[in-house]
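Each chain, written out:
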Amino acid sequence: MSMATNKWLERLLAGVDPGIYVAPPEPDRFSLDDAIAERGWRCHGGSVGSAGDKATLLEALGEILDAPTDWGRNWDALVDVARSLPPGERTIVVLDDVGGPAKSCPNDWATAVDILATTTEEAAATGDHLVVILRSSDPHSGYLAL
Amino acid sequence: MASRFSFRRLALIAAALAALLTSCSTTLTLNEAATTTRIAPTTTEPTTTQTPATVARTEAPPTTIRFSELPTVSIDELPPEALDTLILIRNGGPYPYRQDDGVFQNREGILPDHPRGHYREYTIETPGSPDRGARRFVVGERGEIYYTDDHYSSFREVTSGGDR
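Describing helix α2 (residues 29-38) of chain A
All names here are of chain A.
Phase 1 of the analysis: Of the residues making up α2, those classed as buried are Arg-29, Leu-32, Ala-35 and Ile-36. The buried residues of α2 occupy one face: seen down the axis, they fall within an arc of 130°. In this structure, α2 carries Phe-30 and Glu-38 as exposed residues pointing more than 90 degrees from its buried face.
Phase 2 of the analysis: Where α2 begins, one side-chain oxygen reaches toward the backbone nitrogen of Phe-30, 3.0 Å away; that side chain belongs to Asp-28.
Phase 3 of the analysis: With its phi angle positive at about 85°, Gly-40 sits one or two positions after the end of α2.

Quick look at the structure:
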């Protein structure tokens, strides 16, 4: 694990405000999951890299967020699924390979990120703590880097 | 989740719900609706098949106020659990799920367009479901009510019947 990787992970584990952040793709998911779990926080993570359109993006996000098998697979259903993450604890959502949908379906990707951003704000308003991390080797502007 | 409806919005919705709940098999006439819900002038007026004046003069068959071009569902056709949810909404809660009374964002744009905050959503129980299921009411601040049973993939506007 590089020094730079150590630093962003240290900042995350030290506690950051609710919201959306960007981070490099290291460490690997398993190491990241372990580090977050050691803090006693919940982590939902996975790759969205293969998503190339709205349908595949929703499918990937639904799987990462543990959506019910019969969920609606539409934007309003994604709002519902994101809001249904367990309350009352710190939850970290890690999306890997975000450069894929950001390039192949930028409008759909922007909608998905906006939904997640809105959800972090709603959660914060009720005292819950939701952090979403977008990981990619490509620069991803618009959100704070960890 | 605490209700964030204003008094006026609550009054509109309560009146509309009361009309629906008390008329399950009785048609809500335009005159009744106009009196009880006091629909205010808006940029997107509800659609009706007759004007109030025409109804008053001719005693034409009752019509239902419509807020959308969506398909309709009569309150009589809704599952029994839906009535429980309507009663909760009318009473302002308490709601069984923290997501209830949350803002429905209308991201797909299926419902008529309004500023965010116009619509709120409520879970309708699905017996036997391990989770909240796929049935919801979405209620607009003018008292319009929409029903989905496929997790927001499609909606029907709830009516008291008579306009289907």
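Some words on the interface of chain A and chain B
Phase 1 of the analysis: At the junction of the two partners, chain A supplies 21 residues and chain B supplies 18 residues.
Phase 2 of the analysis: Of the roughly 1,600 Å² buried at the junction of chain A and chain B (both faces included), carbon and sulfur atoms supply 40%.
Phase 3 of the analysis: Looking at the side of chain A facing chain B, the largest losses of area belong to Asp-76, Asp-80 and Arg-83 of chain A, adding up to 42% of the total buried there.
Phase 4 of the analysis: Where chain A meets chain B, there are five salt bridges.
Phase 5 of the analysis: For the salt bridge of Glu-108 of chain B with Lys-54 of chain A, the shortest nitrogen-to-oxygen distance reads 2.9 Å.
Phase 6 of the analysis: Our enumeration of links across chain A and chain B arrives at 22 residue pairs in polar contact (both at pLDDT 80 or more).
Phase 7 of the analysis: At seven residues, the largest contribution of residues to the side of chain A that touches chain B is made by helix α4 (residues 75-83) of chain A.
Phase 8 of the analysis: Among the residues making up the side of chain A that touches chain B, the classes are represented as ten nonpolar, five polar and six charged.

Considering unusual backbone geometry
Phase 1 of the analysis: Geometrically, the link from Glu-26 of chain A to Pro-27 of chain A is a cis peptide bond, its omega value of 0° lying close to zero.
Phase 2 of the analysis: By the secondary structure assignment, Pro-27 of chain A is in the loop between β1 (19-23) and α2.
Phase 3 of the analysis: A cis amide bond links Gly-93 of chain B with the next residue in sequence, Pro-94 of chain B, at an omega value of 0°.
Phase 4 of the analysis: For Pro-94 of chain B, the location among the structural elements is in the loop between α4 (80-91) and β2 (102-103).
Phase 5 of the analysis: At Arg-73 of chain A, a position not held by glycine, the phi torsion is positive, near 55°.
Phase 6 of the analysis: Position of Arg-73 of chain A relative to the elements: it lies in the loop between α3 (54-64) and α4.
Phase 7 of the analysis: On the accessibility criterion, Arg-73 of chain A (34% relative accessible area) is partly exposed.
Phase 8 of the analysis: Phi is positive for Tyr-152 of chain B, close to 75°, though the residue is something other than glycine.

Quick notes on the layout of surface pockets
Phase 1 of the analysis: One number sums up the size of the second largest pocket: a volume of about 290 Å³.
Phase 2 of the analysis: In terms of lining, the second largest pocket is formed by 20 residues, of which the most central are Asp-66, Pro-68, Val-81 and Ser-84 of chain A together with Asp-131 of chain B.
Phase 3 of the analysis: Among the elements of the structure, β2 (42-47) and α4 of chain A are those that each provide at least two residues to the lining of the second largest pocket.
Phase 4 of the analysis: Tallied by class, the residues present in the lining of the second largest pocket amount to nine nonpolar, four polar and seven charged.

Some details on the sheet that holds strand β3 (residues 90-96) of chain A
Residues and elements named next belong to chain A.
Phase 1 of the analysis: If you trace the five strands from one edge of the open sheet to the other, you get β2-β3-β4-β1-β5, paired in parallel fashion. The two strands at the open ends of the sheet, each matched to only one other strand, are β2 and β5 (144-145).
Phase 2 of the analysis: α3 contacts β2 and β3 of the sheet and is inclined by roughly 150° relative to β2.

Procedures and definitions
- Residues numbered from 1 in each chain as written.
- Chains lettered and ligands numbered in written order.
- Predicted model: local features only at pLDDT ≥ 70, side-chain atom pairs only at ≥ 80, totals over all residues.
- Heavy atoms only, no water.
- Buried < 20%, exposed > 50% of the residue type's maximum accessible area, 1.4 Å probe, protein only.
- Helix = DSSP H or I, 4+ residues; strand = E, 2+ residues; numbered from the N terminus.
- Arc of directions from axis to C-beta.
- Polar contact = N/O pair within 3.5 Å; in protein donor to acceptor, adjacent residues only side chain to side chain.
- Contact = heavy atoms within 4.5 Å.
- Buried area = accessible area lost by both parts, 1.4 Å probe.
- Salt bridge = Lys/Arg side-chain N within 4 Å of Asp/Glu carboxyl O.
- Nonpolar A, V, L, I, M, F, W, Y, C, P; charged D, E, K, R; others polar.
- 1 Å grid on protein atoms, 1.4 Å probe; cavity = no way out; pocket = protein on both sides within 12 Å on 5 of 7 lines; lining within 4 Å.
- Points joined across faces, edges and corners; volume = space filled by probe spheres on them.
- Pairing = 2+ DSSP bridges.
- Axes fitted to C-alpha atoms, helices over the stretch in contact; angles between N-to-C directions.

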